[in-house]
Amino acid sequence: MSAPPIAAAARDGQGRLGLVLTGGGARSAYQVGVLSALARLLPRDAPTPFRVITGMSAGAIVAAAVACHADRFHEGAVALERVWRNFHVDQVFRADGMSMLRAGARWGLALATAGRLGRPPLSLLDSSPLGLLLAHRFDFSRMREAIALGHLDGLAIAAANYRSTRSVAFFETAEWNRPASRDWPRGVAVNLAAQHLMASAAVPFLFPAVEVDGEYYGDGAMRQIAPLSAAIRLGADRLFVVGVRDCVDARAPGEHPGARPPSFGEIAGFMLDTLFIDALDAGLAQLERLNRLIGRSVTPQPDGLRHIDTCVVLPSADLSDIARRHARAMPRTLRALLRVMGATNGGGADLASYLLFESCYTRELIALGHEDAMRRRDELVAFCAPARATAVDAAAPRAATATATGSVARDTNLIAAAG
């Protein structure tokens, strides 16, 4: 029996469903796989089930793609998968020999002359190809049309302001002044464009900062202590969250006695892992704590608390292990750079897993995301369309697993998109 449509129930008194996509570089291919599987549960011409969409870093790019195809979710998922299945590093950043040699020469000259005869590059890698790709692929007028037709309520993209050292959420909605209140000072209403996606995906040190309206911004995962808040501020009552780190960390402390000190590449990978992952874990833990608090209350909404359901999908496998198998697909110059940094073996594969924009790797991650989502097919339908869940499984509980839990949120406790 085919799964029932999701979109109608998401719009008919079942609350506003929000999509939250974390950052993760090339790992975001996993998110594409999950969304592709979800699209198969919808009629081919159905609009998106998500009324609110938010993203950060590479997750912002995936989020924007979903928003720009809000009128036809299946069509958008197919187009998104087509791009990610055929990715190559040179579509994201320059990794050819001449570009790498030129950057190395600038670093050498700056160091040798103490900066008197030249300045070092603004980043380790040149991400200008990504800017061209985004400008060519994204039509935000289509997103605005979907908002006008009622298929979408809003899109929010997180980025970190280097001058103020705070995270902000660039957003566009039908009601521009709705989140712009004193308790959400870091929401910035804009006409979203490719530059906002570039700013959100500007990984520190690796990619250069991006100028937006005279301010410079970096990766949206930086200074991010409330990754779920932007979706809640835009009115979401239920959150569908897709992360990019395996749900069980297999590398336990002390597992490798006598291990050598970590290399620069391993430390860089660890820092990226922390940057992209820890905020989500903390945000979900906060929702769980608030859920327990409201459960003990005798009033339905004590002191402004409101109930938020969450459904979280995480990889069932270690994406670093997958990256290690495909490392040789990277350009030779990039492999050489990672080898010098000590990022080609052991824990250094974490860094490679964020930079491996090659089709062999992204295709395996898409397949993993699709498989993980389809394995939980009935559960996801029950969450996205609870009114129709009985048509799939009358006994299916509502978000009753460790990664799909009922939670609550207090707007005053969840600082909007920021630290």
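Quantities reported herein were computed from a predicted structural model and do not represent experimental measurements.

(A) Local environment of a nonpolar patch on the surface. Taken together, the side chains of Ile267, Phe270 and Met271 present a nonpolar region at the surface, about 330 Å² in accessible area. For Ile267, a relative accessible area of 41% translates into the label partly exposed.

(B) Representation of the side chain of Glu172. Tracing the backbone shows Glu172 in strand β4 (residues 166-173). Given a relative accessible area of 4%, Glu172 falls into the buried group. In this structure the side chain of Glu172 is engaged in a polar contact, spanning 2.8 Å, whose partner is the backbone nitrogen of Leu192. In this view, Glu172 contacts Met143, Arg144, Ile147, Asp153, Gly154, Leu155, Val190, Asn191 and Leu192; residues no more than four positions away in its chain are not counted.

(C) Local environment of the pairing of strand β3 (residues 154-161). In terms of residue burial, β3 counts as a mostly covered element, since eight of its eight residues are buried. Where strand β2 (residues 52-56) lies against β3, five bridges are found, and the strand directions are parallel. The residue of β3 that forms the bridge with Gly55 is Ile157. As judged from the eight bridges shared by β3 and β4, these two strands associate in the antiparallel manner. Its bridge partner lying in β4, Ala159 is registered against Val168. Counting the residues between successive antiparallel strands, the hairpin from β3 to β4 contains four residues, one of them, Thr165, with a positive phi of roughly 60 degrees. Bridge count for β3 against strand β7 (residues 215-218) is two bridges, and the pairing is antiparallel. In the sheet register, Asn161 faces β7, and the bridge partner there is Tyr217.

(D) The pairing of strand β8 (residues 238-242), seen in detail. Across the five residues of β8, five count as buried, placing the element largely inside the fold. Of the two faces of β8, the one holding Arg238, Phe240 and Val242 and the one holding Leu239 and Val241 are both buried throughout. Relative to β8, strand β1 (residues 17-21) runs parallel, the two being bridged by five bridges. Bridging across to β8, Val20 finds its partner in Val241. Pairing geometry for β8 and strand β9 (residues 306-313), over five bridges, is parallel. Residue pairing across strands places Val241 opposite Val312, the latter belonging to β9.

Rules of the game
Within each chain, residue numbers correspond to sequence positions counted from 1 in written order. The predicted nature of this model means local features are confined to residues of pLDDT at least 70 and side-chain atom pairs, given and counted, to a pLDDT of 80 or more, with totals for whole chains, interfaces and linings taken over all residues. Values reported for side chains reflect all heavy atoms of the structure, with hydrogen atoms and water molecules removed beforehand. Excluding any residue in a salt bridge, patches collect residues exceeding 30% relative accessible area, merging like charges within 9 Å and nonpolar Val, Leu, Ile, Met, Phe, Trp and Tyr side chains within 5 Å. Here the accessible surface of atoms and residues is derived via Shrake-Rupley with a 1.4 Å probe, and residues count as covered only by protein chains that are part of the display. Each salt bridge in this description consists of a side-chain nitrogen of Lys or Arg and a carboxyl oxygen of Asp or Glu lying within 4 Å of one another. Only protein chains enter the accessibility calculation, which uses a 1.4 Å probe; a residue whose area is less than 20% of its type maximum is buried, one above 50% is exposed, and one in between is partly exposed. The helix count covers DSSP runs of H or I at least four residues long, the strand count covers runs of E at least two residues long, and both are numbered beginning at the N terminus. For the purposes of these results, a polar contact is taken to be a pair of N or O atoms within 3.5 Å, where, inside protein, one atom must be able to donate a hydrogen and its partner to accept one; residues adjacent in sequence count only when each atom of the pair is a side-chain atom. The contact criterion used throughout is that any non-hydrogen atoms of two residues lie within 4.5 Å. Note on pairing: two strands pair once DSSP finds at least 2 bridges between them.

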